[in-house]
Every structure is written in structure tokens, then in C-alpha cells.
Protein chains: 2
Amino acid sequence: LCCMSRVLPTPDPRRREALIQQEVSMQTGGQMTLSDAEKRLDARLFKMKQEEEQKADFPPALHFFKSRDIIKTSPIFSLLQKMPKGGALHVHDFSMVDVQWLVKNVTYRPHCYMCFTDNLSIRFIFMSQWPKPLPHCSPWNLLENLRAKVTNITDLDNSIMANLTLFTDDPEAAYPSQYVVWDRFEQKFQALWGLVTYAPVFRDYYYEGLRQFYMDNVMYLELRALLPELYELDGSTHDSTWTLKTYQDVTRQFTENYPDFYGARIIFTVHRGVNASVMTDVVEKAMKLQRDFPDIMAGFDLVGHEDKGRPLWYFRDALSLPAEKGVTLPFFFHAGETDLEGTDVDQNLLDALLFNASRIGHGFALLRHPVAKDLSRKREVAVEVCPISNQVMKLVKDMRNHPAAALLAENHPVVISSDDPAMFGSCGLSYDFYEAFVGFGGLRSHIGSLKQLVINSIKYSSLTNAQQEKALALWQNSWNKFVSENAF
Amino acid sequence: LCCMSRVLPTPDPRRREALIQQEVSMQTGGQMTLSDAEKRLDARLFKMKQEEEQKADFPPALHFFKSRDIIKTSPIFSLLQKMPKGGALHVHDFSMVDVQWLVKNVTYRPHCYMCFTDNLSIRFIFMSQWPKPLPHCSPWNLLENLRAKVTNITDLDNSIMANLTLFTDDPEAAYPSQYVVWDRFEQKFQALWGLVTYAPVFRDYYYEGLRQFYMDNVMYLELRALLPELYELDGSTHDSTWTLKTYQDVTRQFTENYPDFYGARIIFTVHRGVNASVMTDVVEKAMKLQRDFPDIMAGFDLVGHEDKGRPLWYFRDALSLPAEKGVTLPFFFHAGETDLEGTDVDQNLLDALLFNASRIGHGFALLRHPVAKDLSRKREVAVEVCPISNQVMKLVKDMRNHPAAALLAENHPVVISSDDPAMFGSCGLSYDFYEAFVGFGGLRSHIGSLKQLVINSIKYSSLTNAQQEKALALWQNSWNKFVSENAF
Ligand SMILES: [Zn+2]
Ligand SMILES: [Zn+2]
């Protein structure tokens, strides 16, 4: 660049163009070779995006709860829905299926009881007999009876729904701070617990979850799963292994019914609020499950509000067990989902990398950690970017200012995912792809960027090389079809 | 880093510590050697910052209009006020002095007329005779008469004040989008125009501006100034040269009265809404002023809403004139004060660098432009970060997520400034230093970071090396005094 400090009358336009092109080619998908059809589709997308930016209410500048209905009408969104999106690598077990389905299907099943907690939340249980009351709760109501009593069932169902999702009309008022929104998140999670851990519902929920992702043109899933004990109507329970096997069975059944769906794997998770000794037990259990179910088990992770929970380093002894014992247990740590800087929690990004994590959940703080960022890039430890989650959990407001804009500008290893779509009133991956493509991708991101992000979701998955090739071939088919049907 | 991929039982704690220290030392001020007294002061600051982060309403997470009163009570803020902050390198001419002074002092002067515009703004003029009505305005009111008529003068004064600043209790409701807040900004700017371009007020305003920055322990100023024609009571006017000379006179007078204030220089600015031929005239005028007043003139810049205005490249012929003619005219371009990506405006950052800008105003989008970021770093073209401005103008919400966090993490050449403090209900530099230090600096930033930022404000100023040395010596004196008085 030495020649640039010469004083020239106007910067040389060719030199300028070269630098602009250099930046364009550095970005995610910037070096992707495009077919003629892909180029035609890209021209359409570019025009649509320009029109989208003229709108008074530009969706990525708004909170998702206010932009969702606008996005629904966007022609870009409709294309992104059709687009084969590869894998969803960061999704949690009990936020896969929209709450409408939970209320309209699950709570209408027989033997479903509901009670009201002292702090205005709700709890559920399925039971053959009238269940014993919970502490800090009203007596149980059989929902069938309750619905027979109330004058307006729609109101009741809506109020149940509101208790199971963060989605609301006025998010600024409802969730004034990160702590409040995390608290509500966990409350709503408690509320749906009794529904989804009922074994028959669990199976159906997971099948329906796969179906909703499949309908959104997602072909593969890596699911963060707590593997809770499941219960039956008589109060008997099944252990984690049974839960994992259920995932395996249902996945198998689903892929039989939908052969162009590649499959799903499980990342076993535990809440980061546990203490060191519990963590040791859990890691041992994870190693055992990994050994016994290598096909379905992808690895291990910690969940919950990072700021409030214990840092990874606190659990270093437990997390060192697999390496110590020479046992494989891939890590997929949530890390850097925080605005804190310089605290113990803020070292999670570096520690995730030092524990040889295979991917990083969120990595929202990565730009603030140049050493960690460098490691993540060099070792190709992909960052799972979940735009809508970050916005709802109040890490970013205007999506155009999401740090992933900088990561995409440098083609950092990134995949797009949706974290807890049901909790955010979203579904599948399309809304998050919209925010990425129209929001922090800007006018600069193009069909090549989308293609690269999709390919990344297979390349950075936990699948073996041979599996990845198979999945890629499957995806390439759908992609070609998608392109030829939409390029004109 | 090859040794890190070895499988170790726990990541080696010494290696981990080394990487953490590497990141710590990479940051702004990370390599600064600290005296014992500075270390003691730092320990105090660290403790205060930890306490600040425990607060329910953590100010950097809030809009400045809601956090200002909380910040005022912060012991860190009170230390930052006392801290000698070096130079303010990005401040605009008519937003230096709090609007209280404008209303309570200026509008109480004789011959001050006010009218109400059709779009609910106000206009002012000083005139010896009753002025002719403005189009789209009510008839003029002599403020003296108006105040005699109204029952509540405080209400009147408050409503005048509200018309001169963006500061308001409910910024989210008042300014729903970037376009709206920019529109209001320009409206309020129009409102105060008639007050501050009245020659006697202009002198007093600038003197009071210097005083307010000086009281905030700022020792040097580079002022973006439109150099408008100024008017007298009889309607006669003075040209730009007269305005520039007035700046020179008042600065001289001020530094005589306050010898520990180093001085001020002027960056001549023009609105980016003008066309190419006007720009050519303005650049020629700028070159002339730069030649005739080399002491006070620092250079040239464009102002106004970047998204709505013309890109730098549109003005390439005019901006090439100085280089073509072999004339010195340093550029200090606003660039990258935008969320747009991939548009013509979004090339301003690169173009500012290609036109050899001496510094960049805002550079908010720099992280999204790796090529420009690299050039800025290598050529030490400092970025003028104005945190509160970026928040009020809706580029960022939570200050911890300001992109400057990443710039500080890598010791990118950065200075902190306040842009339009009066418009934002701020003053001097202390509030912006607070947001930088407590907000995006995080717990990680320390007294060394502050010291580095202050030194940067002299090092990256337009002063000659000899002047910088003198200014630094002056600053070092106040700094030592500040440290010894506050380290215990
Ligand atoms: Zn997650
Ligand atoms: Zn400015």
C-alpha cells in the first residue's frame, strides 16, 4: 500500500475500485463462484433489498416483536423461507415448536392440569389422578373443567400462550433490562416444563419440532438438550438415557417419513448454575452417553444466563475429565453472550477455546477479545450467531449494529441459528437469516454470502467428513432446484 | 500456538494467564507504565467501577437522557471531571454551550425577537427595528414584551430551551428512528441560528464555550465551524474571514485569561447537502483561509446526516483541488457515522482515507470495513469516537456494545469527543469519557487507558510536533497534580 501515500490529484479510481473489491471479496461468500442462474437470483435479491431499505419501518432497525409482521410480507423473507438452509446448529430442546401448538394441541389433551403460581406464572402436569398441590401455587385445575367454566376460551388460551413465550407487543416496557428479560425467560421455561416432559408429549413435541424446521427448509439439526427425566400419567419416570433414546427413535422415524431430511444430533446440556461436584457427575454422565450413543450424541454444553452463572474456568476440573481420561467429548460452549468486559465470565470465550470447543454459542463479545477472535479464526472454531435471540435478550438493538456484521466482513467462521425460536415468537431459521441478510449483511451481502453461511452449517457441524459429503450432496440438489425455480 | 492443540489435562493455567495478559496488554493504554500513585488511583477506580456495575440502573445500559442524572452522582464521574482530559477534537461550533445559558443569558438581552414556525419550531433575530416577518412564521415577538405578558416565565423559558436541544425525558417516543432524530436535530439547529450568529452573542458564546470546556478540564479544542456570516443589530453582516478572525481574537483573549488553556483551532465545515460546484467554491475558500490563517485554521470537513447527504466520492473533483494545486488543506472527514452497508455513503470511510484525511469523525462503521480499518491503523489516522452522540443519533443503544469497545481492545488510534454536547444535554468531555471508561471500556479499561486516550488527543491533534510537546508538558503538570490529589 506504499504507493497510496503519494500525493495524487484525486485518489486513483482504479486503485480505489481495487480496494473496494478487496473488501467485497474478503467477506463471507465473497470468493464464491456463482452460476448464471445464481447471478440472476442475486440481481433479484439486490433489487428487493434496495426496496426494503426504502421502507419507513426498516425491519432490522426494529425490535423483532415489532418487525415480525412486516418481515412476513417481505419478498426477501419469502425467498429465504424457500431457500434450503442446511443445518440449524444452535437450537434448544424446549423452544423448537410454536406455543400455539402447545396450547391448541397439548393443553387440550386429557388429564392436563394447570395451576397459578404466587408470582403470576403457571405450571402444568398430566396425571391420571388429581395431583397434589405444588408449594407457592393455587390448587390444580383440570383444564377441561376450567375451559368448561370460563366464558371466553380464546382469552384463556391466549393468556396461557403469553405465559409460554417472551413475545409481546411492547417489549421495551415488558423487559427493561437484561436481568429482567432473563428472569422472564426462565419463568416461562418453568411454565412449559410440565407440558414437554410428559413422555407422550415429549415425543410429539420433538417430532413437531423437526417438522417445523423441515418445513422451513432446514435439513439437519444439532439440538441442545437437557435430557430431563420424562414422566408418565401414573407418575412413573424415565431416566436421561431413555430420553436420549427417544430422541434417537423419533429422529429415525422422522427421517424415514421425510427422506430428504438428513437427521439430528444431540448436544447434552446442563445449567451453569450447578456446583463443581454436580458438574463432575454430569460430565461423567455425558462421557458415558457419548460412548454409548456415538451416533446421536454430538457433545456437551452449559446453558443459562452467562452473567449470573459460573464461569467455565470455575468448572475446569470437571471439564478436564474427558481429556484426562483420553475420552472424546466434544464441547459446544455458549460463550461471550454478554456485555460484561473484564469480569471472570468475560473469560469464557478464551476458556471455551482453551478447552478445545468445537464451536462457540453466540460469541457476541468476540470482537472485544482479539486473542480469542484470532484463535477462533485460525482453528476454525465457528461462532453460532443467533441474531433475534441477541436482540430479544437485549445485547443489541438495531440489527445493523450486530457484531456479526464485522465477522461477516472478514469471513470469520460463522453459522446462523435461532437459539429459542418459540420463546421469541419466531420459527425455524428464516427470520434469523432475514436479520442476517438484510440487517447486518447490508446491501453488500449477496447470494454467495447466503450460500456460504448454509455450507458453513454443514462444514462446521459435528458430522463426520463422510456424513458431511452426503449431507452436502443432498443439500446441493435442493439448492439447485431452489435457484432454478427462483432465478428469472 | 501449536502447543495448544496438544491434549492437556486442563488448559495449562500459566498459558491461559499469558493469553489473558496478552489481551490486556494489547488494549489502549495496556503498555502504559504507571507510577505508584497512578496505581493507587487505579485501584480506587476499579473498586468504584465494580460498585457501579452492581447498580440496578447501570448508566451505560441506559439512554443518556435517562442516565445523566445517575451519572452526575457517580464518584467515577466526579473523578473524570477533575481529570485533565487534553484536547476535544470533535466538537461543533454551535453546540458548545448549554442551552440554559442561551435562554437565561442571550434571550434576555435587548432587541431579541422570537417567532413560531408552522412546524412548531422557533426562530430568533436581534434587530434595532421591528424585523420583517419570515415566511412560514408567526409575526415576530419582542421577547421582553412576551415575557411581560405571560403568566409563567419559567414555562416560557423551558419551552424555548426544549426547542434548542434534543434532550427530553422520553427519547424513545420522541425519536423513533434515525431519520426522525436527524430531522429534529436540524430543526433545533435552525432554531438557535438567529441567536448565535448575532455578532456580539457569537463572541460571548464562543468565549463561554471555551470556558465550559476549560471548567471540564479540557485544555485544547479543535472546533468544526461553519464560519457563517455574522450580523449586527442594524442588519449589516460580516463575512467568513471576519468570523474566523473573531475565533482567533476570542481564543487569544481566553488563553490570556486562562494561561493553562493551550488554545483552539478551527476545522472549517460545509453541509454535505451542497452540490459539486458549490463544493468547489468552498474548497477554494478553505484553501485561501488555510493559507491566510495557518495558525487558527486546522483544516476542512463536511457535516450533516451522512445517510441523506452526498458521498465524499461525489465531491472528488473539489476535494482533489488542494493536492492538484500542491496546497495544504488537511481533511478531518466525518465518515462511517452510519448503519448503511454497501451503499455509496458506506464508502466514505475508505474515501476519507484515500483523500489522506488526518482523522476520521466517528468511524462508527469501521469494524465493518476491514480494509479501511487496516489503513486507519497503519497510517495512524485516529478515529474520533463520540459515544453519547452515537447513542442519541440511534446508532447504538447499550454503550457496552459500542464498536469502540473492539477498537480499544486492539489499541486502535482513537480519541474521545463529544460532538454536540449542548444538543445532547451534555457538556465538555466528562460524560463521554464516563461512557467510554465505564461503558465500552468495561472493567478491563484502567487509568492507563484513560491516560492513553488523553495523550492521543494531543498526539492526533493538528498541532505541530513542537506545539504538541508544549501542550503535553502543560498537561503532564495538571495530570500529576490530579493523580497526587486523588490517589489514596
Ligand atoms: Zn443458546
Ligand atoms: Zn460531528
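Please read these numbers as outputs of a predicted model, since none were measured by experiment.

What counts and what doesn't
Residues numbered from 1 in each chain as written. Chains lettered and ligands numbered in written order. Predicted model: local features only at pLDDT ≥ 70, side-chain atom pairs only at ≥ 80, totals over all residues. Heavy atoms only, no water. Helix = DSSP H or I, 4+ residues; strand = E, 2+ residues; numbered from the N terminus. Rg over C-alpha atoms; globule rule 2.2 N^0.38 Å. Buried < 20%, exposed > 50% of the residue type's maximum accessible area, 1.4 Å probe, protein only. Contact = heavy atoms within 4.5 Å. Areas by Shrake-Rupley, 256 points an atom, 1.4 Å probe, with all protein chains shown as cover. Lys, Arg positive; Asp, Glu negative; His and termini not counted. Charge placed at Lys NZ, Arg CZ, Asp CG, Glu CD. pLDDT = per-residue confidence, 0-100. Domains from an automatic or database assignment. Buried area = accessible area lost by both parts, 1.4 Å probe. Salt bridge = Lys/Arg side-chain N within 4 Å of Asp/Glu carboxyl O. Polar contact = N/O pair within 3.5 Å; in protein donor to acceptor, adjacent residues only side chain to side chain. Nonpolar A, V, L, I, M, F, W, Y, C, P; charged D, E, K, R; others polar. Donors = N, O, S within 2.8 Å, 3.2 Å for Na, K, Ca; no water. Tetrahedral: all angles 85-135°; square planar, octahedral: opposite > 155°, others 65-115°. Expected span 1.5 Å × (residues − 1). Axes fitted to C-alpha atoms, helices over the stretch in contact; angles between N-to-C directions. Parallel < 35°, antiparallel > 145°, perpendicular 65-115°, else oblique. Phe/Tyr/Trp six-rings, centres within 6.5 Å; stacked < 30°, edge-to-face > 60°. Lys NZ or Arg CZ within 6 Å of the ring centre and 35° of its normal. Least-squares fit on C-alpha atoms with pLDDT ≥ 70 in both. Pairing = 2+ DSSP bridges. Left-handed = near helix turned anticlockwise from the far one by under 90°.

Draft legend 1. Representation of the overall build of chain A. When helices and strands are tallied, chain A shows 20 helices and 13 strands. Compactness check: chain A gives a C-alpha radius of gyration of 23 Å against a globular reference of 23 Å for 488 residues, within 12% of the reference. Classification of the 488 residues of chain A by burial places 63% in the buried group. Taking contacts inside chain A between residues at least 6 apart in sequence as the whole, the part at least 24 apart equals 76%. With an accessible surface of roughly 18,400 Å², chain A has 52% of that area assigned to carbon and sulfur atoms. Side chains of chain A carry 51 positive and 59 negative charges; the gap between the two charge centres is 4 Å.

Draft legend 2. Highlighting the confidence of the model for chain A. Of the residues in chain A, 98% have a pLDDT of 70 or more, and the chain-wide mean is 96. pLDDT under 50 marks residues 1-7 of chain A. Its contacts with residues more than four places away, or in other chains, come to 11 contacts.

Draft legend 3. Focus on the domain arrangement of chain A. All names here are of chain A. One can read the domain layout of chain A as domain 1 (80-98 + 198-483) and domain 2 (100-183). The straight-line distance from the C-alpha centre of domain 1 to that of domain 2 is 28 Å. Across the boundary between the two partners, domain 1 contributes 27 residues, which contact 22 residues of domain 2. A combined buried area of about 2,200 Å² lies between domain 1 and domain 2, and 63% of that area is made up of carbon and sulfur atoms. On the domain 1 side of the contact with domain 2, Leu233, Met393 and Lys394 bury the most area, a combined 28% of that side's loss. In this assembly, domain 1 and domain 2 are joined by two salt bridges. Here domain 1 is connected to domain 2 by 11 residue pairs in polar contact (both at pLDDT 80 or more). The biggest single contributor to the side of domain 1 that touches domain 2 is helix α10 (residues 199-215), with five residues. Class assignment for the residues of the side of domain 1 that touches domain 2 results in 13 nonpolar, four polar and 10 charged.

Draft legend 4. Representation of the pattern of salt bridges in the model. In total, this model carries 62 salt bridges over all chains according to the counting rule given. A salt bridge links Lys459(A) to Glu380(A); the shortest N-O distance between them is 3.6 Å. With Lys459(A) in helix α19 (residues 447-459) and Glu380(A) in the loop between α15 (370-378) and β12 (382-385), the pair connects residues that are 79 residues apart, well separated along the chain. Take Lys459(A): its relative accessible area is 41%, and that puts it in the partly exposed class. When the shortest N-O distance is used, the salt bridge between Asp69(B) and Lys72(B) registers 3.8 Å.

Draft legend 5. Local environment of the coordination of the zinc ion (ligand 2). All names here are of chain B. Summarising the metal site, the zinc ion (ligand 2) is bound by the protein donors His90 (NE2), His92 (NE2), His334 (NE2) and Asp419 (OD), whose distances to it range over 2.1 to 2.2 Å. Between the four donor atoms coordinating the zinc ion (ligand 2), the angles at the centre fall across 83 to 172 degrees, so the site counts as irregular. Read from N- to C-terminus, the donor residues coordinating the zinc ion (ligand 2) fall into the pattern H-x1-H-x241-H-x84-D. Of this pair, His334 sits in strand β10 (residues 332-335) while Asp419 sits in the loop between β13 (414-416) and α18 (430-440), and the two are 85 residues apart along the sequence. Accessibility expressed as a relative area gives 4% for His334, which makes it buried. The exposure class of Asp419 is buried, given its relative accessible area of 3%.

Draft legend 6. Here's a closer look at helix α2 (residues 36-54) of chain B. Taking 1.5 Å per residue as the helical rise, α2(B) with its 19 residues ought to reach 27 Å, and the 28 Å between its terminal C-alpha atoms agrees with that figure. Close packing links the buried residues of α2(B) with α4 (75-82), α18, α19 (447-459) and α20 (465-486) of chain B.

Draft legend 7. Highlighting the side chain of Arg272(A). All names here are of chain A. Structurally, the position occupied by Arg272 is in the loop between β8 (263-271) and α12 (276-292). For the buried Arg272, no salt bridge exists, and the shortest N-O distance to an oppositely charged side chain is 4.8 Å, to Glu306. At 3.3 Å, the side chain of Arg272 forms a polar contact with the backbone oxygen of Leu302. Of note is the side chain of Arg272, whose polar atom sits 3.5 Å from the backbone oxygen of His334. Those residues in contact with Arg272 that sit more than four places away from it in its chain are Leu302, Val303, Gly304, His305, Glu306, Gly309, Arg310, Phe315, His334 and Asn348.

Draft legend 8. Looking closely at the packing of helix α1 (residues 13-26) of chain A against helix α15 (residues 370-378) of chain B. Look at α1(A) against α15(B): their axes get within 8 Å of each other, and the N-to-C directions meet at 120 degrees. The pairing of α1(A) with α15(B) is recorded here as oblique in orientation. Facing α1(A), whose interface residues are Leu19(A), Gln22(A), Glu23(A) and Met26(A), α15(B) presents Pro370(B), Val371(B) and Ala372(B). Its residues assigned to classes, the contact of α1(A) with α15(B) shows five nonpolar, one polar and one charged.

Draft legend 9. Expanded view of the packing of aromatic side chains. On inspection of all chains with the given rule, the structure shows 59 aromatic pairs over all chains. Between Phe94(A) and Tyr205(A), the aromatic rings sit 6.3 Å apart at their centres with planes inclined by 65 degrees, giving edge-to-face as the arrangement. Taken together, the residues Phe94(A) in the loop between β1 (87-92) and α5 (99-104) and Tyr205(A) in helix α10 connect sequence positions 111 residues apart. Comparing Phe94(A) with Tyr205(A), the two get one shared label, buried. A centroid spacing of 5.6 Å and a plane angle of 55 degrees characterise the contact between Trp479(B) and Phe482(B), whose relative ring orientation is tilted. Within this pair, Trp479(B) and its partner Phe482(B) are both found in helix α20, separated by three residues, close to a single helical turn. Both residues of the pair, Trp479(B) and Phe482(B), belong to the buried class. An aromatic cluster is built from Phe94(A), Trp101(A), Phe189(A), Trp193(A), Phe202(A), Tyr205(A), Tyr206(A) and Tyr247(A), whose rings are joined through pairwise contacts. The aromatic ring of Phe437(A) is capped on one face by Lys49(A), whose charged end is 3.5 Å from the ring centroid.

Draft legend 10. Representation of the side chain of Glu306(A) within the structure. Residues and elements named next belong to chain A. Structurally, Glu306 is set in the loop between β9 (297-303) and α13 (316-325). Only 2.9 Å separates the side chain of Glu306 from the backbone nitrogen of Gly336, close enough to count as a polar contact. Among all residues touching Glu306, those that are not within four sequence positions of it are Arg272, His334, Ala335, Gly336, Glu337, Val345 and Asn348.

Draft legend 11. Highlighting the coordination of the zinc ion (ligand 1). Residues and elements named next belong to chain A. Protein-derived coordination of the zinc ion (ligand 1) comes from His90 (NE2), His92 (NE2), His334 (NE2) and Asp419 (OD), at a distance range of 2.1 to 2.2 Å. Taken in sequence order, the residues that donate to the zinc ion (ligand 1) follow the motif H-x1-H-x241-H-x84-D. Remark: Asp419 occurs in the loop between β13 (414-416) and α18 (430-440) and His92 occurs in strand β1; sequence separation between them is 327 residues. We classify His92 as buried; its relative accessible area is 10%.

Draft legend 12. Just the relation of the copies chain B and chain A, in detail. With an RMSD of 0.0 Å, the operation that places chain B on chain A is a rotation of 180 degrees combined with a shift of 0.0 Å along the axis. Both chain copies can therefore be described as sitting about a two-fold axis. Of the C-alpha atoms belonging to chain B, the one lying closest to the rotation axis is found on Lys397(B), 3.1 Å away.

Draft legend 13. Spatial organisation of the sheet that holds β12(A). Residues and elements named next belong to chain A. Ordered in space as β10-β11-β12-β13, the four strands form an open sheet in which the pairing is parallel. The sheet terminates laterally at β10 (334-335) and β13, the two strands that pair on one side only. Pairing between β10 and strand β11 (residues 359-362): two bridges, direction parallel. Of the residues in β11, the one forming a bridge with His334 is Gly361.

Draft legend 14. Representation of the packing of α4(B) against α18(B) within the structure. Residue and element names in this part refer to chain B. Where α4 contacts α18, the two axes come as close as 9 Å, and the packing angle between them is 125 degrees. Judged by the angle between their axes, α4 and α18 are oblique. In this structure, α4 crosses over α18, and the sense of that crossing is right-handed. Of α18, the residues touching α4 (which contributes Ile76, Phe77, Leu80 and Gln81) are Ser430, Tyr431, Phe433, Tyr434, Phe437 and Val438. Here the contact of α4 with α18 is composed, by residue class, of eight nonpolar, two polar and no charged.

Draft legend 15. Focus on the interface of chain B and chain A. If you look at the interface, chain B gives 60 residues, while chain A gives 60 residues. Together chain B and chain A conceal approximately 5,200 Å² of surface at their shared face, both sides included; 58% is due to carbon and sulfur atoms. Broken down residue by residue, the surface that chain B buries against chain A is led by Arg16(B), Glu341(B) and Asn401(B), which jointly contribute 13%. Where chain B packs against chain A, one counts eight salt bridges. Across the pair Arg400(B) and Asp339(A) runs a salt bridge, and its minimum N-O distance is 3.9 Å.

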